[in-house]
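Next come the chains, spelled out residue by residue.
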Amino acid sequence: MDINVLDTEPDTVPTTVLKPNIKVLDTNGEFWSGQIWICPICLTYSTKLMNQTLNHLLQSHQIKILNINSIIPFLDTYLNSCLNDLKLENSNQMIELGSSNDKQDLDTRYNLQKQKLIEILAIQENERNSNHQIHCLFCRFITDNHTNLFKHLFDEHGLLIGLLDNLVFVDEFLMILKQKLQQLLCLYCEKTFTSNAVLRKHMRKKKHFQVNPKNSDYDKFYLVNYYQDVTVTTNTIDPNDEDTGDAQWEDWQDLVESRTMCLFDDTLHETPELCNEHMKSIHHFDLFELKLDDQLLDFYQRIRLINYIRSKYSKCICFQCDQSFQHQDLLVEHLNTHQQLCPSKNHSLWHDPSFLFPFFENDPLLMLDMDDDEM
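Take the overall build of the chain next. A tally of regular secondary structure across the chain gives 11 helices and 10 strands. Within the span of the chain, comprising 375 residues, buried residues form 45% of the whole. Pairs at least 24 residues apart make up 58% of the contacts formed inside the chain by residues separated by at least 6 positions.

Dropping the structure here:
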């Protein structure tokens, strides 16, 4: 049965795509691996839920994990690695893992993250090369690859679930969305409706054409969430903790949400403005001065270029000459050898609507205020 939920104009790009909410990872839900975790200390406790695991370690073994956000994608692996080597004494003293002074812990996090990224990128590559029959979530359209499906979902139904290059475990993701629609749930607000017709009217009227950004069950499907900065050593602030003030939590969110990765290396900067200053001084690339046919880039052209450069960088390809490299260090060295210029007006990026979608779903650089008088 068709559930053609959305009726939108194919050329319409909602502003919410260009102004995404920054996602701070949390410990709600299951381990991203989907595996049952068995406590290596007592060997009697097991669960698939991250919150229950952390509560068990705190209450039963006096162990607290700091900077939890950065290790959520591989939390169970991290716990097994640390706890297997941990020597516990018979005392009531609290043990904290992830201290800013613990270089060994930082090395462990970095190595585990690197292993996880290699694993995820290999899975994504296999998915790209896989051809099998895939059904549209809303109608009878059938295709044999994800690229055609995502184009169809946007062109015909207006559904925006991210750029395909930034997704992994795509079939699992699509299955979850399909199950929600079959249960007559809105993908965005997750309210339940009495019929397909009522659901269709609601989604069209409210413009609920995306998944719920607050639903942590979707986090594992977005590649950007595997690039958390493991060097951050500030203690995680729990927004549900009654002892934590709302102002403190909002300040922490503002800090995390504005941190911006350079387009041409892996450095992170506290704000998009500082990131642009870094690119000006190190890479001779200024988003304020970029021109196309002697005209400064407009807002949408900058959006396209930023996403295009990020997509190329993720594949170790120079965005100007298309030369490929084995490692990103070699790409960075190559990029530093010549001036960074805009591709010509005939380049496909200026006509491909996919580059209007954030490559990093939570990219502050896309919202850099180009009219700020202080810049």
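Turning our eyes to something else, we now look at the confidence of the model for the chain. When pLDDT is averaged along the chain, the result is 80, and 82% of the positions lie at 70 or above. Looking across the chain, the model is least confident in helix H1 (residues 15-18), with a mean pLDDT of 34, and most confident in strand S2 (residues 46-47), with 96. Scored below 50 in pLDDT, residues 1-22 shows 54 contacts in the model against residues more than four places distant or in partner chains. Here residues 370-375 is modelled with pLDDT under 50, and outside its nearest four sequence neighbours on either side it reaches six contacts, counting other chains as well.

With that settled, the discussion passes to the packing of helix H3 (residues 75-84) against helix H4 (residues 103-128). Running from amino to carboxyl end, H3 crosses H4 at an angle of 140°, the nearest separation of the two axes being 11 Å. Our classification of the angle between H3 and H4 gives oblique. Both H3 and H4 take part in a crossing whose hand is right-handed. Across the interface between the two elements, Thr-77, Tyr-78, Ser-81 and Cys-82 of H3 pack against Asp-105, Thr-108, Arg-109 and Leu-112 of H4. Considered class by class, the residues forming the contact of H3 with H4 number three nonpolar, three polar and two charged.

Okay, the pattern of salt bridges next. Using the criterion set out here, one finds 13 salt bridges in the structure. In this structure, the salt-bridge partner of Asp-155 is Lys-151, at a minimum N-O distance of 2.6 Å. One end of the pair, Asp-155, and the other, Lys-151, are both in helix H5 (residues 146-157), four residues apart, so they sit about a helical turn from each other. Owing to a relative accessible area of 53%, Lys-151 belongs among the exposed residues under this scheme. A salt bridge links Arg-310 to Asp-363; its shortest N-O distance comes to 2.6 Å. You can see Arg-310 sitting in helix H10 (residues 299-314) and its partner Asp-363 sitting in the segment after helix H11 (328-335), a full 53 residues away along the chain.

Here we take up the nonpolar core. Of all hydrophobic cores here, the largest spans 56 residues; its most connected members are Ile-65, Tyr-78, Ile-161, Phe-173 and Tyr-222. In contact with Tyr-78, not counting residues within four places along its chain, are Ile-65, Ile-71, Leu-97, Gly-98, Asp-105, Thr-108, Arg-109 and Leu-112. Within the second largest apolar cluster, 31 residues are counted, among which are Phe-285, Ile-309, Phe-325 and Trp-350.

A surface patch of like charges, here positive, comprises Lys-191, Lys-201, Lys-205 and Lys-206. With respect to the element layout, Lys-201 can be found in helix H7 (residues 196-206). By relative accessible area, which is 56% here, Lys-201 ends up exposed.

Attention now goes to the side chain of Asp-76. Considering the arrangement of structural elements, one finds Asp-76 in helix H3. Notably, Asp-76 is buried but unbridged: the nearest opposite-charge side chain belongs to Lys-116, and the N-O separation is 6.3 Å. Not counting chain neighbours up to four residues away, the residues in contact with Asp-76 comprise Phe-31, Ser-33, Gln-35 and Trp-37.

Criteria and thresholds
Residues numbered from 1 in each chain as written. Predicted model: local features only at pLDDT ≥ 70, side-chain atom pairs only at ≥ 80, totals over all residues. Heavy atoms only, no water. Helix = DSSP H or I, 4+ residues; strand = E, 2+ residues; numbered from the N terminus. Buried < 20%, exposed > 50% of the residue type's maximum accessible area, 1.4 Å probe, protein only. Contact = heavy atoms within 4.5 Å. pLDDT = per-residue confidence, 0-100. Axes fitted to C-alpha atoms, helices over the stretch in contact; angles between N-to-C directions. Parallel < 35°, antiparallel > 145°, perpendicular 65-115°, else oblique. Left-handed = near helix turned anticlockwise from the far one by under 90°. Nonpolar A, V, L, I, M, F, W, Y, C, P; charged D, E, K, R; others polar. Salt bridge = Lys/Arg side-chain N within 4 Å of Asp/Glu carboxyl O. Core = buried A, V, L, I, M, F, W, Y, C linked by side-chain atoms within 4.5 Å. Patch = residues over 30% accessible without salt bridge, like charges linked within 9 Å, V, L, I, M, F, W, Y side chains within 5 Å. Areas by Shrake-Rupley, 256 points an atom, 1.4 Å probe, with all protein chains shown as cover. Lys, Arg positive; Asp, Glu negative; His and termini not counted. Charge placed at Lys NZ, Arg CZ, Asp CG, Glu CD.

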